Amino acid sequence: MLTDSEDEVPKLGKEDNDGGEGGVMTSKVGTASLGVLLFQDLAVVPFIILLPILQKLQGGELGADGGLDYGIMAATTATSFLDLGVLSYLGFFLAEKMYGLIKKLDCGTDVFVALSLLVLFGFSNATAAIGFSDSLGAVLAGLVLAGTPYAHDIIAELRAFKGLFLSLFFVTIGTTID
């Protein structure tokens, strides 16, 4: 079974060989290695964004004669990025207000976790509605939640589900590969 490398690498470097603090991850090599691993994961995002555009191109929807119409491709790309930007902007402020309300009312951890899942499913459905993949919605939801002032609370509450989410992610991606 595969696991995400960014999940495993920091665990290896929490302590040095003598049992003390400051292992591999505090060194330049450790931080550079983690940076490369994160870059590899983020390099997939532009391809996830461009995939629906390429599918439309293959289906003949973007070119009148089946050829490349760069003007239509540029316009489609611009409106796609605009859609994603508006979705991120509105989603951030809505999530921030909702988490603030939950904290203010002291609703408990169950409601906090439920709101996190609602944000995830909301972004996934919204990106699917505008023609992108559900995976891109999950990435946007993670970016939006990481930008809120409640990011540390969200991480603390969802830590128990970490293994389940990683397994579900890889199974889902594996089943969508043609």
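For the structure itself, consult the block above.
Okay, so let's go over this structure.

Cut-off values and rules
Residues numbered from 1 in each chain as written. Predicted model: local features only at pLDDT ≥ 70, side-chain atom pairs only at ≥ 80, totals over all residues. Heavy atoms only, no water. Helix = DSSP H or I, 4+ residues; strand = E, 2+ residues; numbered from the N terminus. Contact = heavy atoms within 4.5 Å. Areas by Shrake-Rupley, 256 points an atom, 1.4 Å probe, with all protein chains shown as cover. Axes fitted to C-alpha atoms, helices over the stretch in contact; angles between N-to-C directions. Parallel < 35°, antiparallel > 145°, perpendicular 65-115°, else oblique. Left-handed = near helix turned anticlockwise from the far one by under 90°. Nonpolar A, V, L, I, M, F, W, Y, C, P; charged D, E, K, R; others polar. Salt bridge = Lys/Arg side-chain N within 4 Å of Asp/Glu carboxyl O. Buried < 20%, exposed > 50% of the residue type's maximum accessible area, 1.4 Å probe, protein only. Core = buried A, V, L, I, M, F, W, Y, C linked by side-chain atoms within 4.5 Å. Phe/Tyr/Trp six-rings, centres within 6.5 Å; stacked < 30°, edge-to-face > 60°. Lys NZ or Arg CZ within 6 Å of the ring centre and 35° of its normal. Patch = residues over 30% accessible without salt bridge, like charges linked within 9 Å, V, L, I, M, F, W, Y side chains within 5 Å.

## Looking at the overall build of the chain
Helix and strand content of the chain: eight helices and zero strands. Ordered by position from N to C terminus, the α and β elements of the chain give α-α-α-α-α-α-α-α. Pairs at least 24 apart in sequence give 57% of the contacts found in the chain among residues at least 6 apart. As presented, the chain carries roughly 11900 Å² of accessible surface, and 67% of it is formed by carbon and sulfur atoms.

## Some thoughts on the packing of helix α5 (residues 109–129) against helix α6 (residues 134–147)
Remark: α5 packs on α6, axes separated minimally by 7 Å, with the N-to-C direction vectors making an angle of 135°. The orientation of α5 with respect to α6, classified from their angle, is oblique. Where α5 crosses over α6, the two elements pack in a sense that is right-handed. Each of Ser-116, Val-119, Leu-120, Phe-123, Ser-124, Thr-127 and Ala-128 in α5 lies in contact with α6, whose residues at this interface are Asp-134, Leu-136, Gly-137, Ala-138, Leu-140, Ala-141, Val-144 and Leu-145. For the contact of α5 with α6, the per-class residue count stands at ten nonpolar, four polar and one charged.

## Digging into the pattern of salt bridges
Under the defined criterion, the tally for this structure stands at one salt bridge. Note that Asp-153 and Lys-103 form a salt bridge whose closest N and O atoms lie 3.4 Å from each other. One end of the pair, Asp-153, is in helix α7 (residues 151–158); the other, Lys-103, is in helix α4 (residues 70–105), with 50 residues separating them in the sequence. For Asp-153, a relative accessible area of 29% puts it in the partly exposed group.

## Some remarks on the nonpolar core
Side chains of nonpolar character tend, in soluble globular proteins, to be buried together. Counting residues in each nonpolar core, the largest one holds 21 residues, and the members touching the most others are Tyr-99, Val-119, Phe-123 and Ile-154. Secondary-structure elements contributing two or more residues to this core are α3 (45–58), α4, α5, α6 and α7. With sequence-adjacent residues up to four places away left out, Ile-154 is seen in contact with Tyr-99, Phe-112, Ser-116, Leu-145 and Thr-148.

## Overview of the packing of aromatic side chains
If you walk through the whole model with that rule in mind, you get four aromatic pairs. The cationic tip of Lys-103 hangs over the ring face of Phe-112; the distance from NZ or CZ to the ring centre is 5.6 Å.

## Here's the deal with a nonpolar patch on the surface
Taken together, Leu-82, Val-86, Tyr-89, Leu-90 and Phe-93 make up a surface patch of nonpolar side chains, about 520 Å² in accessible area. Assignment of secondary structure puts Leu-82 in helix α4. A residue is classified by how much of its surface remains accessible, and Leu-82, at 55% relative accessible area, is exposed.

## Focus on the side chain of Ser-124
Along the polypeptide, Ser-124 turns up in helix α5. Residue classification places Ser-124 among the buried positions, given a relative accessible area of 11%. Setting aside anything within four residues of it in sequence, one finds Ser-124 in contact with Asp-134, Gly-137 and Ala-138.

## Remarks on the environment of Gly-147
Of note, Gly-147 is situated in helix α6. Under the relative-accessibility criterion, Gly-147 is labelled partly exposed at 46%.

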